[in-house]
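Residue-level structure breakdown
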Amino acid sequence: MPFLARIAAADIRTADVLLLIGGIAEGGEDPSPEAGDRPPAEAGDGSSAEAGDRLPAEAGDGLPARESDEVACRRAVVTQLPLLLGALDHQDRAVRQAAAWAAGWTGAAGADAAVPGLRDRAAVETDPLVRAELLSALAQLDPEGTARAATEAIGPDGSPPELRIAALLACVDIGLPWTLAHHEAALALLPLDRLMADRFDQVRNEPLHHLTVTLLLRDTDPDREAVFALLDGALRHGDPEARTEAVWAALTACELSRGAPARLAAALTAAALADGGGAVVAAGDGRAAASGAGSGGGGGAAGSGSVGGAAGSGAGAASADVSGALSALGRLGAYGKPAADLLATRAAGEGDVADRALEALVTVDPVRAAPLLARDLESRPRAFAAACGGPVGSLPTLPYDPELLAAVRQRLGAMEPGSMALPRLAALLTAWGPDAGPAVPELLAALPAYPRQLPKALAAVCPPERRAEAAEALRSLARTAPADDRMEAVRVLHQLTGDHGPLLSLLAERLAAGAGGGDSALRETATAAAALGPAAAPLVPALRAALNAPDADRNNPQMDADIAIAVALHRITGDAAEAVPVLAGVLGDDDGLWRRWTFVRAAEAAAGLGPAGRPLVPVLKGLLADPEQVPSAVLALRAIAPDALDTDRSAGLLLDAAEAGAAPAEAVEALVALGVDTLSDEHRDRLTELGERDLRVVRFGLSGTIEAADDRLRARIRTAVVGGVRTAVVSPG
């Protein structure tokens, strides 16, 4: 730090060096109040280049001996405040701007020294960008003291737009109520991103998105309505750039708020129409929309109104998706159905926009989308991926449609080796099950070329009268395919016929060859052996030999393989004596990184041991300190030693985990397993709130999957609560 300070003091690329110093502070943390902090450096107390020569965490200076790197970084930058504050008077605008930004990141440790200097400069500064950076810095360091200045700066009284947007952002960060004045200023300044293009603030460089997230996370009705009114107006804006910003913010709103899809459907449809050359559908006077938003009443008018008529008016418009609104309609689910006419019209066109429209229609109106997709399957890759379950197969597949099945069969018959579409075709056919039975000839013909992907689909669709033919094809594949390609064939053969001979032979071969592919292959082999149960007894010696030594320094894949072997030994022999120490070794090893799913698998394996796993109770209880591990640990304890499980405390921990977004679906399932009717009134109320609140419980996932996952969880919670209430009512009491 002193070296950087000397460079800046020598006026060598000063702005760049100040940004580097500020970046160090940005990634830092304030010292804890108990740390006995020394007072921050004061402006003018000596050479700033010398102020940081001695690091503050040196032995004997009265500070904690083991200070975190983050605290040390921020503390080091605080010692350079004289340099930063002195640079506020530099003749170069970029230097002043960089100094203001860097000073704003000195946090509570530097606020007392930084705020007076920043205020003094703000009183005389004339450059819009520097004024904006000064206001933002003051809002971070002294929120309460900056509230009035931020409020005054949002007005249209000649303030430069760069300062006005900084003031709007400062107001929401400080926590001030969102008013009609804020709403009008935000709409008047659109598009907003350009106003931040020359700022150094990378946290708020997408202002409309930042406003949306910050206000929604306040989780109040007035703030929600304020966001919906603001986005409604922005989505209907005449500038495509403004609509693009609004679509991105609206998608985030849908990921955060359960009420957003319904409220924003009309405005997103209007934006899609405008992109295609149709007229922007006005939302009415912006004042009326915002007045309801700011007060918490009447805000629904901003997003209401029929969309079907508007969609029809764009039937002849040129196809385009300038803002992304067309694709965004697919994220609305059933709430986007009024836009089905618009989507179907656009989907009937050509090119990428037609594909995007059909992709959205798949989720909005799947029955209507199926025949459209069937007509041109080859040139609709995005729509086809959506029909097959989305990016990772986590979304619902398109319902069975005879026209689409015919198109799928044709494509399967013409599939070239290595096609990326094959796994999706297999997923769709598997989901359709026996309805896709007519595709058996194509599946059998393609089976030798795709021995890993197609056996499962073949088993799913195969009608009883063709099972013998399918079984013979799988036996042939098991005899002729390379060893690594035979596993799925013999596993499905066992599933179809009950014949475990080929599977047992292949598992023995793989174990003799050291699983032939590393830890993941060994895990797959052990899992398949476990499914055979006692019939896999000849494999027990090889499974035991494949275990890692108890004191080995194992990585996560090795642990996962050991877990699978432990499960296999238990299910084959019926004896948990070998499995218990293996699982104890895994669950007790918390030194490694990224162990979440390994521990989950180990806890699930422990639950499968039942009472024989009682020696694992101490290590399982240790997992209760980690919210992500609570669901699997609670279920394991319940299965192993229900008398050792504090049900009330466990319910509280599960609710804590769900409310924090840590494994929420798993936490809810564990609560259901404990019995909703056994929950205390407080815990039942908390569970009910998870199903009824506006903020989504599911917070993480691939883009486009969060809303659907949360909707499923919400339905599960509501069903569980209603079922629990009914049980409580009919139970003797």
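What follows is about the overall build of the chain. Scanning the chain from terminus to terminus reveals 40 helices and zero strands. By residue count, 52% of the 733 residues in the chain fall in the buried class. Excluding contacts between residues fewer than 6 apart, the proportion of contacts in the chain whose partners are at least 24 apart in sequence is 68%. In the structure as shown, the chain presents an accessible area of about 31,000 Å², 54% of it carried by carbon and sulfur atoms.

Right, let's get into a negative patch on the surface. On the surface, D646, D648, E682 and D685 cluster together into a negatively charged patch. Positionally, E682 belongs in helix α39 (residues 681–692).

Per the counting criterion, the structure on display carries 47 salt bridges. Here E359 ties to R382 by a salt bridge, and the two come within 3.1 Å at their closest N and O atoms. Taken as a pair, E359 in helix α20 (residues 351–364) and R382 in helix α22 (residues 381–387) lie far apart in primary sequence, 23 residues in all. The partner of E509 in a salt bridge is R486, with the nearest N and O atoms 2.9 Å apart. Of this pair, E509 sits in helix α29 (residues 501–512) while R486 sits in helix α28 (residues 483–497), placing them 23 residues apart in sequence.

When pLDDT is averaged across the chain, the result is 86; 87% of the residues are at 70 or more. Below a pLDDT of 50 lies the segment residues 37–65, which in the model reaches 52 contacts outside its immediate sequence neighbourhood of four places, other chains included. Note on residues 279–318: pLDDT under 50 across the span, and 66 contacts to partners over four residues away in sequence or across chains.

Before going further, it helps to spend a moment on unusual backbone geometry. Here L190 and P191 are connected by a cis peptide whose omega angle stands at -10 degrees. Within the secondary structure layout, P191 lies in the loop between α11 (180–189) and α12 (207–217). With phi around 45 degrees, R13 is a residue other than glycine that occupies positive phi space. The residue R13 is located in the loop between α1 (2–9) and α2 (14–26) in this model. For R13, a relative accessible area of 62% translates into the label exposed. Residues other than glycine seldom take positive phi values, yet A663 does so here, at roughly 50 degrees. Residue A663 is classed as buried on the basis of its relative accessible area of 7%.

Turning next to the packing of α1 against α2. Running from N to C, α1 and α2 point in directions that differ by 150 degrees, and their axes come no closer than 8 Å. In this view, α1 runs roughly antiparallel relative to α2, as classed from their interaxial angle. For the element pair α1 and α2, the recorded crossing hand is left-handed. Contacts between α1 and α2 involve L4, A5, I7 and A8 from the former and T14, V17, L18, L20, I21 and I24 from the latter.

Here the focus is the packing of aromatic side chains. Throughout the structure, instances matching the rule amount to one aromatic pair. Between Y400 and W432, the ring centres sit 5.5 Å apart and the planes meet at 90 degrees, which makes this aromatic pair edge-to-face. One end of the pair, Y400, is in the loop between α22 and α23 (402–413); the other, W432, is in helix α24 (residues 422–432), and 32 residues separate them in sequence. Since its relative accessible area comes to 34%, Y400 is described here as partly exposed. In this structure W432 comes out as buried when scored by relative accessible area, which is 6%.

The element α12 is largely enclosed, with a buried count of nine among its 11 residues. Among the residues making up α12, those that are buried are P207, L208, H209, H210, L211, T212, T214, L215 and L216. Looking at the buried positions of α12, the neighbouring elements they touch are α10 (161–174), α13 (221–235) and α14 (240–256). Backbone geometry just downstream of α12 places D219 in the positive-phi region, at approximately 60 degrees.

A few words on the nonpolar core. Membership of the largest hydrophobic core comes to 116 residues, with the highest contact counts inside it found for W178, L208, L268, L373, L404 and L429. The contact partners of L268, leaving out residues within four places of it in the chain, are L235, V247, A250, A325, A328, L329 and L332. In terms of nonpolar packing, the next biggest core, distinct from the first, is built from 76 residues, L569, V630, A641 and A667 among them.

What follows deals with helix α19 (residues 340–347). Where burial is concerned, most of α19 is hidden: six out of the eight residues are buried. Turning to α19, its buried residues are A340, L342, L343, A344, R346 and A347.

By secondary structure assignment, the location of E125 is in the loop between α7 (107–122) and α8 (128–141). Sequence-distant contacts of E125, defined by excluding residues within four places in its chain, comprise R96, V130, R131 and L134.

Helix-helix packing: each pair is described by the crossing angle between the helix axes and the interaxial distance. Remark: helix α6 (residues 93–103) packs on α8, axes separated minimally by 8 Å, with the N-to-C direction vectors making an angle of 10 degrees. Between α6 and α8, the crossing angle belongs to the class labelled roughly parallel. Contact residues: R93, R96, Q97, A100, W101 and A103 in α6; L129, V130, E133, L134, A137 and L141 in α8. Across the contact of α6 with α8, the residue classes break down as eight nonpolar, one polar and three charged.

Take the environment of E133 next. Tracing the chain through its elements places E133 in helix α8. When the C-alpha positions of E133 and R96 are compared, they lie 9.1 Å apart, and in sequence the two are 37 residues distant. If sequence neighbours within four positions are ignored, E133 has contacts with Q97, A100, W101, R199, F200 and D201.

We now examine the environment of A508. With respect to the element layout, A508 can be found in helix α29. Here A508 falls in the partly exposed class, since its relative accessible area comes to 36%.

Moving on: the side chain of R331. Along the polypeptide, R331 turns up in the loop between α18 (325–328) and α19. R331 gets classed as buried once you look at its relative accessible area, which sits at 17%. Not counting chain neighbours up to four residues away, the residues in contact with R331 comprise L251, E255, S703, G704 and E707.

Tracing the backbone through its elements, the reader meets R164 in helix α10. Residue classification places R164 among the buried positions, given a relative accessible area of 11%. Sequence spacing of R164 and A132 is 32 residues, and the spatial spacing of their C-alpha atoms is 7.9 Å. Once residues lying within four places of it in the same chain are set aside, the contact partners of R164 are A153, I154, G155, P156, S159, A185 and L189. For R164, the side chain forms a polar contact with the main-chain oxygen of I154, separated by 3.0 Å.

So, how was this worked out
- Residues numbered from 1 in each chain as written.
- Predicted model: local features only at pLDDT ≥ 70, side-chain atom pairs only at ≥ 80, totals over all residues.
- Heavy atoms only, no water.
- Helix = DSSP H or I, 4+ residues; strand = E, 2+ residues; numbered from the N terminus.
- Buried < 20%, exposed > 50% of the residue type's maximum accessible area, 1.4 Å probe, protein only.
- Contact = heavy atoms within 4.5 Å.
- Areas by Shrake-Rupley, 256 points an atom, 1.4 Å probe, with all protein chains shown as cover.
- Patch = residues over 30% accessible without salt bridge, like charges linked within 9 Å, V, L, I, M, F, W, Y side chains within 5 Å.
- Salt bridge = Lys/Arg side-chain N within 4 Å of Asp/Glu carboxyl O.
- Lys, Arg positive; Asp, Glu negative; His and termini not counted.
- Charge placed at Lys NZ, Arg CZ, Asp CG, Glu CD.
- pLDDT = per-residue confidence, 0-100.
- Axes fitted to C-alpha atoms, helices over the stretch in contact; angles between N-to-C directions.
- Parallel < 35°, antiparallel > 145°, perpendicular 65-115°, else oblique.
- Left-handed = near helix turned anticlockwise from the far one by under 90°.
- Phe/Tyr/Trp six-rings, centres within 6.5 Å; stacked < 30°, edge-to-face > 60°.
- Core = buried A, V, L, I, M, F, W, Y, C linked by side-chain atoms within 4.5 Å.
- Nonpolar A, V, L, I, M, F, W, Y, C, P; charged D, E, K, R; others polar.
- Polar contact = N/O pair within 3.5 Å; in protein donor to acceptor, adjacent residues only side chain to side chain.

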